[in-house]
Amino acid sequence: MANHTLNGMSLSSSSSTMSLSEISESETIHLGVDLASAARRNIGFLRSVNECQWLHQRETIAEAIRRYDEMWMPLISDLTVEGSSPPMVLPPFDVEWVWFCHTLNPVAYRKYCESRFSKLIGKPAIFNEENEEYALMRCKEIWVQRYPSEPFENEVESDSEDPPLINYEDLFNEVQKHKFLYSKLSEPYLCELVYLIAARQRYRGFLYMMQRFGDGCFRFVPALDILLMMLTHQSYPAVYVEDLKDMWNYMGKVVGLRETVKEKEVEETKKIWERTFDQPYEKAGGGIGGELDKVILAKPPIYWEVSDVDVNTKYKSMIPRFLLEVCVFVRLNAQMKATNVDTKHNFLRLRMVRCHRELKLNQSFPNFSYDSWRKAWHLYCEFGTRGIMVELRGRGGHFFKGSKLLNSKEFYWNDLLKAPSIALTREIDQVRIVASITPPVQAPYLLKCVPDRVTDDSGAMISDVILKLNNHRPQKGRWLSRTVLDHAGRECFVVRIRVGGGFWRRGAETPSAVNREERIIEIREGSWSYVAGSIGRAPEKVVGTATPKECPEQWQAAWHFSTGDELLINWGSSTSGSGLSFCLRSQESSDSSLMLLRGRKMQYQEETSKETRSKPADPDREVDDGFVTLVRFTEENPTGRATALLNWKLLVVELLPEEDAVLMLLLCVSILRTVSEMSKEDVGSLLMRRRLKEAKLGARDWGSVMLHPSSSAGASPYLQPWYWNANTVIAQDEDASITRQPTSNYSPVDGGDLLYKRGIIT
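The shown structure was predicted, so the numbers you read here are calculated from the model rather than taken from an experiment. (Residues numbered from 1 in each chain as written. Predicted model: local features only at pLDDT ≥ 70, side-chain atom pairs only at ≥ 80, totals over all residues. Heavy atoms only, no water.)

**Topic: the overall build of the chain**
Argument step 1. In terms of helices and strands, the chain carries 21 helices and 27 strands.
Argument step 2. Put simply, 72% of the contacts in the chain that link residues at least 6 apart link residues at least 24 apart.
Argument step 3. Accessible area for the chain stands at about 34,800 Å²; split by element, carbon and sulfur atoms hold 47% of it. (Helix = DSSP H or I, 4+ residues; strand = E, 2+ residues; numbered from the N terminus. Contact = heavy atoms within 4.5 Å. Areas by Shrake-Rupley, 256 points an atom, 1.4 Å probe, with all protein chains shown as cover.)

**Let's talk about the packing of aromatic side chains**
Argument step 1. In this structure the tally under the stated criterion is 22 aromatic pairs.
Argument step 2. Taking the centre distance of 6.4 Å and the plane angle of 50° together, the rings of phenylalanine 45 and tryptophan 97 count as tilted. Of this pair, phenylalanine 45 sits in helix 1 (residues 35–51) while tryptophan 97 sits in helix 3 (residues 93–103), and the two are 52 residues apart along the sequence.
Argument step 3. Taking the relative accessible area as the measure of exposure, tryptophan 97 reaches 2% and is therefore buried.
Argument step 4. Following the ring pairs from residue to residue traces out a cluster consisting of Tyr604, Phe627, Trp702, Trp722 and Tyr723.
Argument step 5. Against the face of phenylalanine 411 rests arginine 426, its NZ or CZ located 5.3 Å from the ring centre. (Phe/Tyr/Trp six-rings, centres within 6.5 Å; stacked < 30°, edge-to-face > 60°. Buried < 20%, exposed > 50% of the residue type's maximum accessible area, 1.4 Å probe, protein only. Lys NZ or Arg CZ within 6 Å of the ring centre and 35° of its normal.)

**Quick look at helix 6 (residues 169–177)**
Argument step 1. Every buried residue of helix 6 is accounted for by Leu171, Phe172, Glu174 and Val175. Each buried residue of helix 6 sits inside an arc of 160° when the element is viewed along its axis, so together they form one side.
Argument step 2. Residues of helix 6 that are buried sit in contact with helix 2 (58–79) and helix 3. (Arc of directions from axis to C-beta.)

**Some points on the pattern of salt bridges**
Argument step 1. Per the stated rule, a full pass over the model turns up 35 salt bridges.
Argument step 2. The residue aspartate 278 makes a salt bridge to arginine 432 at a minimum N-O spacing of 3.0 Å. Remark: arginine 432 occurs in strand 10 (residues 431–437) and aspartate 278 occurs in the loop between helix 12 (263–277) and strand 2 (291–292); sequence separation between them is 154 residues.
Argument step 3. By relative accessible area, which is 21% here, aspartate 278 ends up partly exposed.
Argument step 4. Note that arginine 321 is salt-bridged to glutamate 382, the shortest N-O span being 2.7 Å. Note that arginine 321 is positioned in strand 3 (residues 321–332) and glutamate 382 in strand 6 (residues 374–382), a separation of 61 residues in sequence. Side by side, arginine 321 and glutamate 382 carry an identical accessibility label, which is buried.
Argument step 5. Through salt bridges with shared partners, one network takes in Glu63, Arg66, Glu70 and Glu150. (Salt bridge = Lys/Arg side-chain N within 4 Å of Asp/Glu carboxyl O.)

**Focus: the sheet that holds strand 4 (residues 346–352)**
Argument step 1. As summarised here, the arrangement of the 4 strands in space is 5-4-7-8, forming an open sheet in which the pairing is antiparallel. Because the sheet does not close on itself, it has two edges, and the strands there are strand 5 (361–364) and strand 8 (404–412). On average, each strand axis in the sheet is inclined to that of its neighbour by 20°, with strand direction left out of account. (Pairing = 2+ DSSP bridges. Axes fitted to C-alpha atoms, helices over the stretch in contact; angles between N-to-C directions.)

**Points about the environment of isoleucine 126**
Argument step 1. Here isoleucine 126 shows up in the loop between helix 4 (106–117) and helix 5 (129–146).
Argument step 2. Owing to a relative accessible area of 2%, isoleucine 126 belongs among the buried residues under this scheme.
Argument step 3. Taking the C-alpha atoms as reference, isoleucine 126 lies 9.1 Å from serine 37; in sequence the two are 89 residues apart.

**Observations regarding helix 12**
Argument step 1. Taking 1.5 Å of rise per residue, 15 residues should cover 21 Å, and helix 12 covers 21 Å from first to last C-alpha, within 8% of that figure.
Argument step 2. Burial in helix 12 covers these residues: Glu265, Val266, Thr269, Lys270, Ile272, Trp273, Glu274, Thr276 and Phe277.
Argument step 3. Aspartate 278, located one to two residues past helix 12, shows a positive phi value of around 55°. (Expected span 1.5 Å × (residues − 1).)

**Side note on the pairing of strand 13 (residues 478–486)**
Argument step 1. The buried fraction of strand 13 is high, at 9 of 9 residues.
Argument step 2. Burial along strand 13 is two-sided: the face carrying Arg478, Leu480, Arg482, Val484 and Asp486 and the face carrying Trp479, Ser481, Thr483 and Leu485 are both buried.
Argument step 3. Relative to strand 13, strand 12 (residues 445–451) runs antiparallel, the two sharing 5 bridges. In the sheet register, leucine 447 faces strand 13, and the bridge partner there is aspartate 486.
Argument step 4. For strand 13 and strand 14 (residues 491–501), the ladder comprises 8 bridges, and the chain directions are antiparallel. In the sheet register, leucine 485 faces strand 14, and the bridge partner there is glutamate 491.
Argument step 5. From the end of strand 13 to the start of strand 14, which pair antiparallel, there are 4 residues, and glycine 489 there has a positive phi angle of about 80°.

**What to know about the state of the cysteines**
Argument step 1. Going through the model one piece at a time under the given rule, you end up with 0 disulfides.
Argument step 2. For cysteine 449, which is in no disulfide, the shortest distance to another cysteine sulfur is to cysteine 668 and amounts to 6.6 Å. (Disulfide = S-S within 2.5 Å.)

**Regarding the packing of helix 8 (residues 193–213) against helix 12**
Argument step 1. At a minimum axis distance of 10 Å, the contact between helix 8 and helix 12 shows a crossing angle of 100°. By the criterion of interaxial angle, the relationship of helix 8 to helix 12 is roughly perpendicular. Residue-level contacts link Arg202, Gly205, Phe206, Tyr208, Met209, Arg212 and Phe213 of helix 8 to Thr269, Ile272, Trp273, Thr276 and Phe277 of helix 12.
Argument step 2. Of the residues assigned to the contact of helix 8 with helix 12, the class counts are 7 nonpolar, 3 polar and 2 charged. (Parallel < 35°, antiparallel > 145°, perpendicular 65-115°, else oblique. Nonpolar A, V, L, I, M, F, W, Y, C, P; charged D, E, K, R; others polar.)

**Topic: the environment of alanine 532**
Argument step 1. If you trace the backbone, alanine 532 turns up in strand 17 (residues 529–532).
Argument step 2. What makes alanine 532 partly exposed here is its relative accessible area of 34%.

**Examining unusual backbone geometry**
Argument step 1. Notably, serine 118 is not glycine yet its phi reads approximately 60°, a positive angle.
Argument step 2. Phi angles above zero are rare outside glycine, and arginine 386 is one such case at about 75°.
Argument step 3. Along the chain, the position of arginine 386 falls in the loop between strand 6 and strand 7 (387–394).
Argument step 4. The exposed category is assigned to arginine 386, whose relative accessible area is 51%.

**Comments concerning the packing of helix 1 against helix 3**
Argument step 1. Helix 3 packs onto helix 1 with a crossing angle of 120° between their chain directions and a minimal axis gap of 11 Å. Here helix 1 is positioned oblique relative to helix 3, judged by the angle of their axes. In terms of crossing hand, the pair formed by helix 1 and helix 3 is left-handed. From helix 1, Arg41, Asn42, Phe45, Leu46, Ser48 and Val49 reach across to helix 3, where they touch Phe93, Glu96, Trp97 and Phe100. (Left-handed = near helix turned anticlockwise from the far one by under 90°.)

**Some points on the nonpolar core**
Argument step 1. Tyr68, Trp72, Met73 and Tyr203 are the most contacted members of the largest nonpolar core, which totals 130 residues.
Argument step 2. Apart from residues lying up to four places away in sequence, tryptophan 72 is in contact with Arg67, Val89, Leu90, Pro91, Val95, Trp99, Cys139 and Trp143.
Argument step 3. Listed in part, the 54 residues of the second largest apolar core include Ile462, Ile497, Leu630 and Leu655. (Core = buried A, V, L, I, M, F, W, Y, C linked by side-chain atoms within 4.5 Å.)

**Some details on the side chain of asparagine 154**
Argument step 1. Its location among the elements puts asparagine 154 in the loop between helix 5 and helix 6.
Argument step 2. A distance of 3.3 Å separates a polar atom in the side chain of asparagine 154 from the backbone oxygen of threonine 60.
Argument step 3. At 3.0 Å, the side chain of asparagine 154 forms a polar contact with the side chain of aspartate 94.
Argument step 4. Those residues within four positions of asparagine 154 in sequence are excluded, and the remaining contacts are Trp54, Thr60, Glu63, Ala64, Arg67 and Asp94. (Polar contact = N/O pair within 3.5 Å; in protein donor to acceptor, adjacent residues only side chain to side chain.)

**A few points about the side chain of glutamate 522**
Argument step 1. Inspection of the secondary structure puts glutamate 522 in strand 16 (residues 521–525).
Argument step 2. In terms of polar contacts, glutamate 522 uses its side chain to reach the side chain of arginine 524, at 2.6 Å.
Argument step 3. Ignoring anything within four residues of it in the chain, the contact list for glutamate 522 reads Trp479, Val494, Val495, Arg496, Val542, Gly544 and Thr545.

**Thoughts on the environment of tryptophan 99**
Argument step 1. Positionally, tryptophan 99 belongs in helix 3.
Argument step 2. The exposure class assigned to tryptophan 99 is buried, which follows from its relative accessible area of 0%.
Argument step 3. For the pair tryptophan 99 and valine 175, spaced 76 residues apart in the sequence, the C-alpha separation amounts to 9.2 Å.

Next up, the structure:
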């Protein structure tokens with residue numbers, strides 16, 4: 001093979017670039033294990049480890065290491081026959097965790113095995129639950145026979161006063177080092193098969209690149225997807241050693257977990273990859289996996305995690321929301337440089353195919369290079385946006401204004417999901433563009449309540465249209481109504497608050513306020529049944545109710561929910577609401593408990609800059625914004641985990657699929673009702689009794705696009721998480737001319753403004 005130098009990256013003619021998808025086992029190495037299936041299994045295992053708090057206690061780890069060294073490894077060694085597949089047995093959970101961590105240091109593990117057993121101990125490739133259960137039960141049978149005095153499970157007491165004896169300090173440190181490994185591999189799309197297959201091919205490319213340039217490069221920095229494949233490969237030690245026997249010396253040059261790397265080393269790896277495959281090294285879901293020296297990487301603006309269950313599938317009106325990550329890289333064709341093409345008056349613009357047609361993200365040509373790929377945009381999109389368009393535009397007049405379309409290319413999500421490495425390359429007039437995505441995964445639900453017309457006891461809107469359909473029989477009862485819309489503007493539920501009873505007859509009768517205990521809140525599933533224009537009837541199915549009840553001592557308000565929960569509210573002594581506190585009790589037995597915390601907590605807190613932190617805090621800001629975070633405590637999460645964010649002022653909810661949307665809406669409306677009554681103010685515009693004009697769907701749909709912090713300098717609030725600028729984002733659809741109309745414009749048939757003030761405020 002010809003010599004290759006990295007200073008200037010001179011390559012021989014035989015070193016021309018090749019497509020990543022063209023790489024075969026004959027050109028690189030044979031992978032002796034199905035890395036895609038193995039990686040999915042490993043991520044599930046790491047998730048279980050992360051949720052198992054006792055496993056990370058010092059006493060537990062020390063005992064697990066003893067069991068691993070004295071029991072498990074001699075047992076598996078006796079069962080292992082050199083030259084054959086590893087036996088189909090798996091150790092207890094704590095021992096498997098130590099074994100997994102040990103294998104991630106291939107040199108130390110190999111040395112340990114050869115010094116203790118004179119052979120390398122491999123791990124069986126078991127990727128389904130049935131075989132896993134069989135392997136564990138078989139191990140237990142052998143264990144009990146071989147070690148009758150040793151329990152199969154780790155039964156060490158964690159509250160012992162004597163510090164445990166650590167026999168293998170290096171192995172103990174190795175286990176401690178990987179305690180938070182799952183936090184690096186917790187993105188939900190990592191378990192998607194299409195992502196793992198693409199990652200496996202990129203790992204092949206990484207090994208191919210190392211084979212060619214291993215002698216000339218000091219360190220190779222793996223991207224996240226490649227790092228996942230490498231760790232998975234290492235966790236099957238016998239296969240790893242056999243597969244990489246011809247390039248074992250090169251593997252020591254790969255930057256491992258928790259190692260700090262310099263930006264120069266990252267750039268060198270990128271350069272080699274680009275020269276080898278003529279593709280950007282980073283991709284969506286494949287950023288740099290190591291920790292950059294003196295560089296703090298920005299956190300993604302979204303919170304998504306693996307959800308095992310979606311309790312909202314029982315509501316047919318709710319449609320899950322799916323998100324994906326998008327990265328767009330640009331490189332100028334060298335021919336442009338050779339022909340001296342004038343690029344000063346041209347620029348690129350990113351737009352969405354649908355859902356956010358107002359989006360226009362521009363990039364000037366000076367931001368790009370002829371020699372390397374540059375990241376132009378990094379964003380998160382709902383799958384319903386269908387794809388992105390990249391336009392080449394010519395500038396006329398002012399900067400980025402008065403431009404004309406010269407050419408454009410589309411990248412559709414469905415096409416990208418079918419492409420190798422989940423990435424596609426397009427060319428626009430000698431400008432090369434690569435777009436990559438992650439597989440779409442379920443994201444939190446987004447729901448908001450918007451004002452609507454008053455309804456009667458049956459659920460029909462108060463209107464002359466309904467009156468005529470009822471043969472002019474007066475409509476009985478008065479309920480304030482709110483329509484619940486999802487992220488795409490679809491009607492999911494109708495919320496109704498009972499305010500008055502009786503009829504309205506001209507000059508004879510008017511509805512009267514009902515007693516406090518009768519001012520119930522109900523939620524009906526589905527959309528309005530329209531009979532004429534915007535006049536209609538609420539859906540019939542009631543899926544949740546909240547009823548006021550006598551409050552216990554030290555509490556000022558109490559609500560009983562049809563879900564079996566009970567909400568207690570305290571206003572405190574402050575008139576500003578700074579003493580607002582909550583208690584959510586469940587009447588049903590549960591393996592978890594809930595807590596409502598005022599303000600935005602945990603992942604919903606906005607990342608603040610040094611300048612922001614240096615400014616004095618506004619003591620009323622958190623009180624006035626109306627946010628409440630729902631935190632769920634379980635055995636796996638004893639410190640709590642935020643599963644929903646409510647804004648009772650705006651009647652907006654973001655919730656993980658595991659939380660019941662109806663319960664969240666009941667909480668939101670109940671809190672607003674209570675605060676309005678206690679403060680004697682219409683703090684959440686509950687007195688609004690007409691439908692507001694909605695923005696045209698698809699123009700700037702709520703939550704459809706969010707920019708990554710690396711691409712969000714000076715970004716619109718509509719391209720950031722809604723709760724960073726809630727008042728701006730949620731109020732975008734309101735027509736100011738309507739909201740400022742005097743209350744005298746409401747029809748007296750509704751019952752009059754005094755009725756609703758008595759029902760809501762007093």
